[in-house]
Amino acid sequence: PNVPVGGAVDKAEHLAEMARSKFCLVVRGDTATSHKMFDALHALCVPVLLSDHWDAVGKPFPEFVPWDDLLLRIPEREFMSDPHV
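Residues numbered from 1 in each chain as written. Predicted model: local features only at pLDDT ≥ 70, side-chain atom pairs only at ≥ 80, totals over all residues. Heavy atoms only, no water.

Caption draft 1: Just the side chain of Glu76, in detail. When you line up the elements, Glu76 lands in helix H5 (residues 76-81). Only 2.8 Å separates the side chain of Glu76 from the backbone nitrogen of Asp52, close enough to count as a polar contact. The residues touching Glu76, leaving out its near neighbours within four places in the chain, are Arg28, Leu50, Ser51 and Asp52. (Helix = DSSP H or I, 4+ residues; strand = E, 2+ residues; numbered from the N terminus. Polar contact = N/O pair within 3.5 Å; in protein donor to acceptor, adjacent residues only side chain to side chain. Contact = heavy atoms within 4.5 Å.)

Caption draft 2: Representation of the pattern of salt bridges. What the rule picks out here adds up to six salt bridges. As a salt-bridge pair, Arg28 and Glu76 come within 3.1 Å of each other at their nearest N and O atoms. Here the residue Arg28 occupies a position in the loop between strand S1 (23-27) and helix H2 (36-42), and Glu76 occupies one in helix H5, the gap between them amounting to 48 residues. Residue Arg28 is classed as partly exposed on the basis of its relative accessible area of 41%. For Asp55, the salt bridge identified is with Lys59, shortest N-O distance 3.5 Å. On the accessibility criterion, Lys59 (23% relative accessible area) is partly exposed. (Salt bridge = Lys/Arg side-chain N within 4 Å of Asp/Glu carboxyl O. Buried < 20%, exposed > 50% of the residue type's maximum accessible area, 1.4 Å probe, protein only.)

Caption draft 3: A look at the pairing of S1. Burial of the side chains of S1 is restricted to one face: Cys24 and Val26 are buried, whereas none of Phe23, Leu25 and Val27 on the reverse face is. The sheet contact formed by S1 and strand S2 (residues 46-50) spans five bridges and is parallel. The residue of S2 that forms the bridge with Leu25 is Val48. (Pairing = 2+ DSSP bridges.)

Quick look at the structure:
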């Protein structure tokens, strides 16, 4: 309900919507990582990560940040087969 899908969204409006959310979807970009993780952290919502290779190429400061305690993960294949996971 009331979730915009597709089309252009103003960046400030997008970040404000994230700040009102408890969970924020973080999908990979054209690589395994994107700015979406940092947007989610900035908005103080729990990142829901859809990127199977983020650990290998995009996870910053793995020795200092307990990422597995800060986010939820959904395997890409599982999400693509059933987006209502």
